[in-house]
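Architecture and fold: a report
Chain by chain, the residues:
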Amino acid sequence: MTAPLLDVRDLRVSFHIRRDGDMPWTKPRELKALNGVNFTLNAGETLGIVGESGCGKSTLARALIQMVPATGKVIWQGQTDLLTLSPHQMLAYRSQVQMVFQDPLASLNPRMSVGSIIAEPLRTHHPELSQAQVKQRVQEMMERVGLLPNQINRYPHEFSGGQCQRIGIARALIVGPKLLICDEPVSALDVSIQAQVINLLAELQRDLGLAMIFIAHDLSVVKHISDRVMVLYLGRTMELAESQALFAHAAHPYTKALLSAVPIPDPVKERAKTMIPLEGDLPSPMAPPSGCVFRTRCPISQDRCAREVPALLGIGHEVACHRVNAATLETV
Amino acid sequence: MVTANLRAGDLSRITDMAEVKGRSLWADARKRFMLNKAAVASLFVLIFITLFSFAGESIAPWTNEEIDFNVIGSADTKGMPSIASGHYFGTDDLGRDLFARSAQGTRISLMVGFVGTFIAVLVGTVYGAVSGYVGGRTDAIMMRIVDILSAIPYMFVLILLLVMFGRSMFMIFVGIGLLSWLGMARIVRGQTLSLKHKEYIEAARASGVSSWKIILRHILPNLLGVVAVYTTLLIPDMIMAESFISFLGLGVQEPLTSLGALISEGSKSIVQGSLWQLYFPLAFFTVTLYAFYFVGDGLRDALDPKDR
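Residues numbered from 1 in each chain as written. Chains lettered and ligands numbered in written order. Predicted model: local features only at pLDDT ≥ 70, side-chain atom pairs only at ≥ 80, totals over all residues. Heavy atoms only, no water.

Let us now look at the overall build of chain B. Helix and strand counts for chain B stand at twelve helices and zero strands. Over its C-alpha atoms chain B spans a radius of gyration of 26 Å, topping by over 25% the 19 Å that the globule rule assigns to 308 residues. Considering only C-alpha atoms, chain B reaches an extent of 100 × 55 × 30 Å along its principal axes. Sequence separation of 24 or more characterises 74% of the internal contacts of chain B that already satisfy a separation of 6 or more. (Helix = DSSP H or I, 4+ residues; strand = E, 2+ residues; numbered from the N terminus. Rg over C-alpha atoms; globule rule 2.2 N^0.38 Å. Contact = heavy atoms within 4.5 Å.)

Looking now at the nonpolar core. Residues and elements named next belong to chain A. Counting residues in each nonpolar core, the largest one holds 57 residues, and the members touching the most others are I169, L180, L201 and F214. Considering each element in turn, this core owes the most residues, six residues, to helix α5 (residues 161-173). Setting aside chain neighbours within four positions, we find F214 in contact with T46, L47, G48, I49, C182, P185, I198, L201, V221, V222 and I225. (Core = buried A, V, L, I, M, F, W, Y, C linked by side-chain atoms within 4.5 Å. Buried < 20%, exposed > 50% of the residue type's maximum accessible area, 1.4 Å probe, protein only.)

Let us look at unusual backbone geometry. Residue and element names in this part refer to chain A. The phi torsion at Q66 lies on the positive side, around 60°, for a residue other than glycine. For Q66, the position within the fold is in the loop between α1 (57-64) and β4 (71-76). Not every positive phi belongs to a glycine, and L234 is a case in point at roughly 45°. Tracing the backbone through its elements, the reader meets L234 in the loop between β9 (228-233) and β10 (236-242). The buried category is assigned to L234, whose relative accessible area is 7%.

This next bit is on the interface of chain B and chain A. Between chain B and chain A, the contact holds 26 residues from the first and 33 residues from the second. For the chain B and chain A pair, buried surface summed over both sides reaches about 2,800 Å², with 54% attributable to carbon and sulfur atoms. Looking at the side of chain B facing chain A, the largest losses of area belong to E19, V20 and E199 of chain B, adding up to 22% of the total buried there. We note a salt bridge from E120 of chain A to R217 of chain B, for which the minimum N-O separation is 2.7 Å. The interface formed by chain B and chain A holds eight residue pairs in polar contact (both at pLDDT 80 or more) in total. Of all the secondary structure elements, the ones that give two or more residues to the side of chain B that touches chain A are α1 (2-16), α2 (25-35), α9 (199-206) and α10 (211-247) of chain B. Of all the elements, α9 of chain B adds the most residues to the side of chain B that touches chain A, at seven residues. A per-class count over the side of chain B that touches chain A returns twelve nonpolar, seven polar and seven charged. (Buried area = accessible area lost by both parts, 1.4 Å probe. Salt bridge = Lys/Arg side-chain N within 4 Å of Asp/Glu carboxyl O. Polar contact = N/O pair within 3.5 Å; in protein donor to acceptor, adjacent residues only side chain to side chain. Nonpolar A, V, L, I, M, F, W, Y, C, P; charged D, E, K, R; others polar.)

A few words now on the pairing of strand β3 (residues 46-50) of chain A. Residue and element names in this part refer to chain A. Across the five residues that make up β3, a large majority, five, are buried. Of the two faces of β3, the one holding T46, G48 and V50 and the one holding L47 and I49 are both buried throughout. Pairing geometry for β3 and strand β8 (residues 211-215), over four bridges, is parallel. By the bridge assignment, G48 is partnered in β8 with F214. Note: β3 against β9, four bridges, orientation parallel. Looking at β9, one finds that L47 is bridged to R228. (Pairing = 2+ DSSP bridges.)

Turning next to the sheet that holds strand β5 (residues 80-81) of chain A. All names here are of chain A. Within the open sheet, the four strands sit side by side as β2-β1-β4-β5. Their pairing is antiparallel. Each edge of the open sheet is held by one strand with a lone partner, namely β2 (29-41) and β5. Both strand β1 (residues 6-17) and β4 contribute to a ladder of five bridges, which runs antiparallel. Within β4, the position partnered with R9 by the bridge is K73. Here α1 sits on the sheet and contacts β1, β2 and β4; the angle it forms with β1, its principal contact strand, is near 110°. (Axes fitted to C-alpha atoms, helices over the stretch in contact; angles between N-to-C directions.)

The space that makes up the second largest pocket amounts to roughly 550 Å³. In terms of lining residues, the second largest pocket is bounded by 17 residues, among which M67 and V68 of chain A together with K196, H197 and R205 of chain B are the most central. For the lining of the second largest pocket, the secondary-structure elements that each account for two or more residues are α5 (98-134) and α9 of chain B. Per-element accounting of the lining of the second largest pocket gives the leading share, four residues, to α9 of chain B. (1 Å grid on protein atoms, 1.4 Å probe; cavity = no way out; pocket = protein on both sides within 12 Å on 5 of 7 lines; lining within 4 Å. Points joined across faces, edges and corners; volume = space filled by probe spheres on them.)

So, on to the packing of α2 of chain B against helix α3 (residues 37-59) of chain B. Residue and element names in this part refer to chain B. Direction vectors running N to C along α2 and α3 enclose 90°, while the axes themselves pass 5 Å from each other. With respect to each other, α2 and α3 are oriented roughly perpendicular. Packed against α2, whose contacting residues are F33, M34 and L35, the element α3 presents K37, A39, V40 and L43 at the interface. Of the residues contributing to the contact of α2 with α3, the split by class is six nonpolar, no polar and one charged. (Parallel < 35°, antiparallel > 145°, perpendicular 65-115°, else oblique.)

None of this, on its own, says anything about what the molecule does.
Here is the structure:
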């Protein structure tokens, strides 16, 4: 069996928070944004990552490409641990892993023309290309993502949100990456435009054999595009399974609650379904609950949940819950 | 079938289409600036004053150093402005032509303003952008240096410099340039801090663009609007500072002169009744400052339409 494209082991990210007015010698408080996340990603596969705001989705994306300091292992194609690379060594891998951002307009420099925005990664990684070659590549890419190539001299503010996101996708794909990290790429778009962008991403992925990490909080979008889905809560993995399996037979109480909150566009079914309401807010990541981080809001928590951290168990369909039998996926 | 043919036709036409010219934010701003009548008029006034300051001496019948011996000693009666005598703005007590002297003074005042501001823009922008972008301890140390420097009374340092090293144009440039960049550095750093966390900077970092290129390509162009506005408001400040020094009698040395020095001389002549000695330099001074402020306001409105 060939090594997976990306093998993430025990990824941890902590931020050191200093309050205003702290003395210079006061020890900063630690915020654990990611607390031991493991997953693998094969070439051409899409991993969806879902979770509430502040659960570490975006931090995960940024940790993979050394945008925030992280510990653990991020093994690329079974050989290189990306986290051990110096910024200079990392440069070669940056063209392999590209990112699409949440806010389409904010991710484009308003003073640069679309052509030079899309060309920037190309100029960085292939400085040997001539002006004409760069322009040709940019125009080809613009056509590929559904933009008119003759708009190359226009500026971001002259495009709609969906078009801006297409520009962002073109910029990410122009250096021919193997992995595309999409950090909530459609959250800021209208629903009709969301579908267009999702379909474009799916089509590009199929044609170019891209692997994708797709971060979203919209479960229906994730269901549509992902092969596997990972559910995060307070920096820990709650459940990781094939997309079909997860949506059909969610095992973890948190996943069940998330799924029950998805509105169904049919009033009869919507009224008939049972909601599993989540009590309270996400606990502060500065002081996470002991044991299972979800226990404070879990409808089926027990004494044991406060004492022991549940391990992520199971083959194919992994769950981290004391109340779930990892083999049968039944609540016990 | 028909639609498919049509589609194909459309597509070939689309690829044949000429490139559309983009409308950059700069072009937008220029258009808005041009619609601001006060700012455009002020810009023309400034151009006119600059032209006068450089060409004024060559169109005057008298140079700034020549002394009209007919007038000397009785400037208040014979030295008044007149076209016949060739002293369009009159003369001063020594019989020197005020038209030529005003041109010379305006030139030197503008020069002080521009040189001081140039240093401020150059040093302040780079210093502020680096401090803000690098952040952390570097930022803290760099900004404490600025705090310490700006805690030193500005005029006091300038006067001390001029007294210790003698009065010269060079010392004025050094003194003004030394301290004028502090405000600019602060403003630029603040802007950089807010720009730093924009997603397009993150996108550039993620694709491996080096820090220097990010500062040059992404941060500085987005700072330019603020810098341009602050610059136009800084020039009159510099002119004002130099005039104040000159008014105290510490500025540029004769035979050089500046608007401040001319106003200082003119104010002494009030008792003798030769008011033109005060009015002409004062008019150039106020009109220049007003024009700069109007242009600055116009630029601010044009570059940041949301900020009105």
